[in-house]
Structures are given as structure tokens and as C-alpha cells.
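Survey of secondary and tertiary structure
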Amino acid sequence: MLDDVYNKRILELAANIPRIGHLPRADAAATAHSKLCGSTVSVELAVEDGKVSDFAHIVKACALGQASSSIMARNIIGASADELRAARDTMRRMLKENGPPPKGRFAEAAVLEPVRDFKARHASTLLTFDAVVSAFDSIEAKGKAAE
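Procedures and definitions
Residues numbered from 1 in each chain as written. Predicted model: local features only at pLDDT ≥ 70, side-chain atom pairs only at ≥ 80, totals over all residues. Heavy atoms only, no water. Helix = DSSP H or I, 4+ residues; strand = E, 2+ residues; numbered from the N terminus. Rg over C-alpha atoms; globule rule 2.2 N^0.38 Å. Buried < 20%, exposed > 50% of the residue type's maximum accessible area, 1.4 Å probe, protein only. Core = buried A, V, L, I, M, F, W, Y, C linked by side-chain atoms within 4.5 Å. Polar contact = N/O pair within 3.5 Å; in protein donor to acceptor, adjacent residues only side chain to side chain. Contact = heavy atoms within 4.5 Å. Axes fitted to C-alpha atoms, helices over the stretch in contact; angles between N-to-C directions. Parallel < 35°, antiparallel > 145°, perpendicular 65-115°, else oblique. Pairing = 2+ DSSP bridges. Arc of directions from axis to C-beta.

**Concerning the overall build of the protein chain**
Across its full length, the protein chain carries five helices and three strands. When the elements of the protein chain are put in sequence order from the N terminus, they spell out α-α-β-β-β-α-α-α. Against the globule reference of 15 Å for 147 residues, the protein chain gives a C-alpha radius of gyration of 15 Å, in line with a compact fold. Counting only C-alpha atoms, the protein chain reaches 50 × 30 × 30 Å along its principal axes. Buried positions account for 46% of the 147 residues belonging to the protein chain.

Laid out in C-alpha cells, this is it:
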């Protein structure tokens, strides 16, 4: 069963993570950490007209957290807060409630479906989704405070 989790595509994604580093100008940053495994993902977002215009991250995670972060980095540009929240919620349901994988922009995350059988790996797989939503929440909170 572990072969399903650490399949060739997950290992390819983990080995090739785009957008590593920092943004010259970020509208928000957030970090998500798993106490269980010690994985950490820090993200930075730039947003224009309610959509992600630029993205960077630092990923210190296991292969599953790396693969998940790779999928995020490949697909986040142009995503809205609602899309990112829906992707996070769908991923959570996929892993914890046997729900279907995401569709649309984050459909590639279906490769992580076998992780549902390994509860100890759920947190690291969700880190990038949690961090991105947290960063967007911070941008929206700043906007409301400025009103």
C-alpha cells in the first residue's frame, strides 16, 4: 500500500517543485506546520483583482508535502480565494472523509488520493492548502480593516 502513496508521479512532483523562494513584493505570507511530522510550508502571495498574480514558497516537508506544494505552485496563479478555499476543503474531505478529489485547476491533486489510508500523512499533505488560505484570509482582513 505504501507503493501507492509514494508512486512515481508523487515522487516526480516532489523532486520538481516550482516557485521556490521569496517574492520581491508579497501582499501576504503564512506558514503551516505539522507537529506530527515536523513538516513546514511557508507561502507568499501577491494578489491583483482578487486573484493570485504571483506566488513563492519555502517547503521543508516530506515527499507528500512536497508533492502537494508542487501541485499548488503549478496551478495557483489566477486562482481566487473562493477557489483556494474550495480546493482546501475538497482535499480535506478527500483525505479524511473519503470524498472525491478536486476537479478543475487542482485536479492533479487526485494523485494524492492514496494518502487517505495514512492518517499520519494527512497534515503534511494539507499544509500548502492551509497556508495559502491563511495568507488569503490575511489579505481579506487587511482589506476589511481599511474600509
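We are not done yet, so read on.
**Focus on the nonpolar core**
Core analysis: the biggest nonpolar cluster contains 42 residues, and Val 43, Leu 45, Phe 55, Met 72, Ile 76, Leu 84 and Leu 112 have the highest contact counts within it. Mapped by element, the contributors of at least two residues to this core are helix 2 (8-15), strand 1 (28-33), strand 2 (40-48), strand 3 (51-60), helix 3 (63-75), helix 4 (81-96) and helix 5 (122-146). It is helix 5 that provides the largest number of residues to this core, a total of nine residues.

**A word on the side chain of Arg 116**
Examined against the element boundaries, Arg 116 turns out to sit in the loop between helix 4 and helix 5. Side-chain polar atoms of Arg 116 contact the backbone oxygen of Gly 99, separated by 2.7 Å. Every residue in contact with Arg 116, bar those within four places of it in the chain, is listed here: Met 94, Leu 95, Asn 98, Gly 99 and His 122.

**Overview of the packing of helix 2 against helix 3**
Contact geometry for helix 2 and helix 3: axes closest at 7 Å, N-to-C directions at 70°. Judged by the inter-axis angle, helix 2 sits roughly perpendicular to helix 3. Across from Ile 10, Leu 11, Leu 13 and Ala 14 in helix 2, the residues of helix 3 making contact are Ala 63, Leu 64, Gln 66, Ala 67, Ser 70, Ile 71 and Arg 74.

**Structural notes on the pairing of strand 3**
Across nine bridges, the pairing between strand 2 and strand 3 is antiparallel. Note that in strand 3 the partner of Ala 46 across the bridge is Asp 54. What sits between strand 2 and strand 3 in their antiparallel hairpin is a turn of two residues, with Asp 49 showing a positive phi close to 50°.

**Concerning the pairing of strand 1**
On strand 1, burial follows the alternation: Ala 28, Ala 30 and Ala 32 on one face are buried, whereas Ala 29, Thr 31 and His 33 on the facing-out side are not. Relative to strand 2, strand 1 runs antiparallel, the two sharing six bridges. Bridging across to strand 2, Ala 30 finds its partner in Val 43.

**A closer look at the side chain of Thr 128**
Along the chain, the position of Thr 128 falls in helix 5. On the basis of relative accessibility, which here comes to 1%, the residue Thr 128 falls in the buried class.

**A short note on helix 2**
Owing to its 3.6 residues per turn, the α-helix aligns residues three or four sequence positions apart on the same side. Of all the positions in helix 2, only Ile 10, Leu 13 and Ala 14 are classed as buried. Take helix 2 and look down its axis: the buried residues cluster within an arc of 100°, on one side only. Residues of helix 2 that are exposed and point over 90 degrees away from its buried face: Lys 8 and Ala 15. Capping the start of helix 2, Asn 7 holds a side-chain oxygen 3.0 Å from the backbone nitrogen of Arg 9, two or three residues further along.

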